[in-house]
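In case you want the letters, here they are:
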Amino acid sequence: MNILEKLKQNKILLCDGAWGTFLQAKGMKPGECPELWNITHEDEVLGIAESYLQAGSDIIETNSFGGSIFKLSQYGLGDRVIELNKAAAAISRKAAGKDKHVAGSIGPTGKMLLMGDVTEDELYNGFREQAVALEKGGADIIIIETMSAVDEAFLAVRAARENTKCTVAITMTFTKTPKGEYRTMMGVSPEEMVTSMKNAGAHIIGSNCGNGIEDMIGIVKAIRATDKIIPVLIQANAGVPELIDGDTVFRESPEMMASFILELIKAGVNIIGGCCGTTPEHIKAIGKVLGR
Ligand SMILES: [Zn+2]
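I will try to describe carefully the structure that is included in this document. The model shown is predicted, which means the values in this text are computed figures rather than measured ones.

Reading the values: rules and limits
As a convention, each chain's residues are numbered from 1 in the sequence order in which they are written. Predicted model: local features are reported for residues with pLDDT of at least 70 only, side-chain atom pairs are reported and counted for 80 or more only, and whole-chain, interface and lining totals are derived from all residues. Side-chain calculation: all heavy atoms of the structure are included, whereas hydrogens and water are not. When the centres of two rings from Phe, Tyr and Trp lie within 6.5 Å, Trp using its six-membered ring, the rings pair. Their planes under 30 degrees apart give stacked, over 60 give edge-to-face, and anything left gives tilted. Secondary structure elements are defined from DSSP: runs of H or I of at least 4 residues count as helices, runs of E of at least 2 residues count as strands, and each element is numbered from the N terminus. When accessible area is computed with a 1.4 Å probe and restricted to protein chains, residues below 20% of their type maximum are described as buried, those above 50% as exposed, and intermediate ones as partly exposed. When DSSP locates at least two bridges between a pair of strands, those strands are taken to pair. We call a crossover right-handed when, viewed with both strands directed away from the observer, the connection leading from the first strand over the helix to the second proceeds clockwise. Any N, O or S atom lying within 2.8 Å of the metal counts as a donor, with the limit raised to 3.2 Å for Na, K and Ca; because water is left out of the atom set, some sites can appear incomplete. The axes are straight lines fitted to the C-alpha atoms, using for helices just the contacting stretch, and the angles between their N-to-C directions are given from 0 to 180°. Each angle gets one of four labels, with under 35 degrees taken as roughly parallel, over 145 as roughly antiparallel, 65 to 115 as roughly perpendicular, and the rest as oblique. Take the far helix as the reference: if the near one is turned anticlockwise from it by less than a right angle, the crossing is left-handed, and if turned clockwise, right-handed. Any two residues having at least one pair of non-hydrogen atoms within 4.5 Å are treated as being in contact. Asp, Glu, Lys and Arg are counted as charged, while Ala, Val, Leu, Ile, Met, Phe, Trp, Tyr, Cys and Pro are counted as nonpolar; the rest, among them Gly, fall into the polar class.

### Some details on the packing of aromatic side chains
Inference 1: Under the definition given, this model contains one aromatic pair.
Inference 2: Relative to Tyr-52, the ring of Phe-22 has its centre 5.8 Å away and its plane inclined at 85 degrees; by these criteria the two rings are edge-to-face. Residue Phe-22 is located in helix 2 (residues 20–25), and its partner Tyr-52 is located in helix 4 (residues 42–54); the two are separated by 30 residues in the primary sequence. In terms of burial, Phe-22 and Tyr-52 fall into one category: buried.

Shown next, in the form of structure tokens:
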């Protein structure tokens, strides 16, 4: 069954948790290209996907967050976009089998249209190349995540919609202003996100990263004030990262995150997962609230 059909049955679906911090825990060093691990450390990457499936996830992401030509070029791997993204999706599909969903992850390019870093065509083509490769590798969803610029996100959603048959999800990263409103780094509000991403053709809209679980409740309410129907996806960090003795620490325990899930559901969320610092234990604890 298509994920949108499942959501229509009023099911709350469970996504997975962090990949980046998990790869580091598995020995990836700073300066290494995470996506190259899809070739050089296939078993470790597969192990991450499998641990989230065992934790109960309905949707497994892929190790391809930085898999655009723009990011891979920084490692001299700009000519391996198709290979690395296809491998990423194939690994997650191998773990997920036929019944679970594979969401091909696409992160920001690091290029700003506003600054003239790239043209719209270059961005669109870059997103198209990545999305098509993820679908070829076995993704049935494309998830464009951690976005803060509306123009970049718009092109990414359009590129995925126009060139794949995948369900397309988009999440942006917000922080709370001193006034208590939510804005991305580029000043986008949740309301603006909903309007523009629906125009781009997104099937699922939400927020990931930046915040712990509590602030996500306010973000869901802001999204729901604009649109009551579109499926909402939330992936909170295990708290705001804190730097302690040179290490990045995420303080929210699985129990702490789980304690906010009912409130998040009441606010109108449809898919829940985790971002930085979350582990299979966090996903398991959230799943327990969902009756898994
Ligand atoms: Zn994150």
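Structure shown, so let's carry the discussion forward.
### Considering unusual backbone geometry
Inference 1: Within the chain, Thr-146 stands out as a residue other than glycine whose phi angle is a positive 60 degrees.
Inference 2: In this structure, Thr-146 sits in strand 4 (residues 141–147).
Inference 3: What makes Thr-146 buried here is its relative accessible area of 19%.
Inference 4: Even without being a glycine, Cys-209 presents a positive backbone phi close to 65 degrees.
Inference 5: One can find Cys-209 in the loop between strand 8 (204–208) and helix 10 (213–226).
Inference 6: Residue classification places Cys-209 among the buried residues on the basis of a relative accessible area of 13%.

### Some thoughts on the pairing of strand 9 (residues 232–236)
Inference 1: Extensive coverage of strand 9 is indicated by the burial of five of its five residues.
Inference 2: Covered by surrounding structure in strand 9 are Val-232, Ile-234 and Ala-236 together with Leu-233 and Gln-235, the residues of both alternating faces.
Inference 3: One ladder, built from four bridges, connects strand 8 with strand 9; its direction is parallel. Looking at the pairing, Ser-207 lines up with Ile-234 of strand 9.
Inference 4: Crossover connection from strand 8 via helix 10 to parallel strand 9: handedness right-handed.
Inference 5: Two elements, strand 9 and strand 12 (residues 271–274), share four bridges in a ladder whose sense is parallel. Looking at strand 12, one finds that Ala-236 is bridged to Gly-274.

### A few points about the coordination of the zinc ion
Inference 1: On the protein side, the zinc ion has Cys-209 (SG), Cys-275 (SG) and Cys-276 (SG) as donor atoms, found 2.2 to 2.3 Å from it.
Inference 2: Given a relative accessible area of 25%, Cys-276 falls into the partly exposed group.

### Re the packing of helix 7 (residues 120–137) against helix 8 (residues 150–163)
Packed helices, taken two at a time, are described by the angle their axes make and the gap between the axes.
Inference 1: Running from amino to carboxyl end, helix 7 crosses helix 8 at an angle of 45 degrees, the nearest separation of the two axes being 8 Å. With respect to helix 8, the element helix 7 is oriented oblique. The element helix 7 and its partner helix 8 pack so that their crossing is right-handed. Of the residues in helix 8, those touching helix 7 at Glu-120, Leu-123, Tyr-124, Phe-127, Arg-128, Ala-131, Val-132 and Glu-135 are Glu-152, Leu-155, Ala-156, Arg-158, Ala-159, Ala-160, Glu-162 and Asn-163.
Inference 2: Grouping the amino acids of the contact of helix 7 with helix 8 by side-chain chemistry returns nine nonpolar, one polar and six charged.

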